[in-house]
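# Observations on the model geometry
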Amino acid sequence: MYEPIRTKSVHSTVDGPNPDFPHRSREEELDIQLAGHLAALLAVTDELRALEGSADLDTAAEQLAEQVGRLRGGPAPVRVSGARRERSAVALHRRAHALAGRALVVAASRADTAAAILAAERMDAHTAALEPRALASR
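Below: a short report on this structure. From a predicted model like this one, the values you see are computed outputs, not experimental measurements.

The next thing to look at is the overall build of the protein. From N to C terminus, the protein includes four helices and zero strands. In the protein, the succession of α and β elements from N to C terminus is α-α-α-α. Within the protein, the proportion of its 138 residues that are buried is 31%. Contacts in the protein between residues far apart in sequence, at least 24 positions, make up 70% of those at least 6 positions apart. Carbon and sulfur atoms form 55% of the exposed surface of the protein, whose accessible area is close to 9,300 Å².

As structure tokens, this is what we get:
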């Protein structure tokens, strides 16, 4: 009655993973996500350094660049200096705090102690940077 199917279904995964389609493990996906969060935090840190340079921000930027390079399996990321957007320091500290929080969550789920410690330290630093400004604006 019916003609049998002669080709494999494109919708079925019965034969296992397709070797033509790249698959990543959960660990690799978390590495990519964590590297992205840390790279974004590095960009905001560089903006803050251009706006209000300090030794703490310089050290943090170097540590962030090192972690991003480690997670991406290569050299430290290329950084653009002098590319400054006109944002307030308060907005940048808030953005950096949020990014560090995201990085902390991913680092904790991937059990990356070095990245988790760095993210927690950055959260604390940006919280401390916001406290005197919040009191002065009242």
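In terms of nonpolar packing, the biggest core is built from 26 residues, with Leu34, Leu38, Leu41 and Leu64 touching the most fellow members. Mapped onto this core, the elements with two or more residues apiece are α1 (26-51), α2 (55-72), α3 (89-110) and α4 (113-136). If one sorts the elements of this core by residue count, α1 sits on top with eight residues. With near-sequence residues (within four places) excluded, Leu34 lies in contact with Leu71, Ala103, Val106, Ala107, Arg110, Asp112 and Ala115.

Let's shift gears to the packing of α1 against α3. Across the interface, α1 lies against α3 with an axial gap of 9 Å and an inter-helix angle of 160°. Comparing their axes, α3 and α1 come out roughly antiparallel. Seen along the crossing, α1 lies across α3 with a hand that is left-handed.

A word on the environment of Leu99. Relative to the elements of secondary structure, Leu99 occurs in helix α3. Remark: the alpha-carbon pair of Leu99 and Ala40, spanning 59 residues in sequence, is separated by 7.2 Å. Look past the residues within four positions of Leu99 in its chain and what remains in contact with it is His37, Ala40, Leu41 and Val44.

The next thing to look at is α2. Two residues of an α-helix separated by three or four positions point the same way, owing to the 3.6 residues in each turn. In a regular helix each residue adds 1.5 Å, so 18 residues correspond to 26 Å; α2 covers 26 Å between its end C-alpha atoms and thus fits that length. Looking at α2, one finds that the buried residues are Leu57, Ala60, Ala61, Leu64, Ala65, Gln67, Val68, Gly69 and Leu71.

Here we take up unusual backbone geometry. A positive phi angle, close to 60°, is found at Ala111, a residue other than glycine. The topology assignment puts Ala111 in the loop between α3 and α4.

Along the chain, Val78 turns up in the loop between α2 and α3. Classification of Val78 as exposed rests on a relative accessible area of 81%.

Conventions used here
- Residues numbered from 1 in each chain as written.
- Predicted model: local features only at pLDDT ≥ 70, side-chain atom pairs only at ≥ 80, totals over all residues.
- Heavy atoms only, no water.
- Helix = DSSP H or I, 4+ residues; strand = E, 2+ residues; numbered from the N terminus.
- Buried < 20%, exposed > 50% of the residue type's maximum accessible area, 1.4 Å probe, protein only.
- Contact = heavy atoms within 4.5 Å.
- Areas by Shrake-Rupley, 256 points an atom, 1.4 Å probe, with all protein chains shown as cover.
- Core = buried A, V, L, I, M, F, W, Y, C linked by side-chain atoms within 4.5 Å.
- Axes fitted to C-alpha atoms, helices over the stretch in contact; angles between N-to-C directions.
- Parallel < 35°, antiparallel > 145°, perpendicular 65-115°, else oblique.
- Left-handed = near helix turned anticlockwise from the far one by under 90°.
- Expected span 1.5 Å × (residues − 1).

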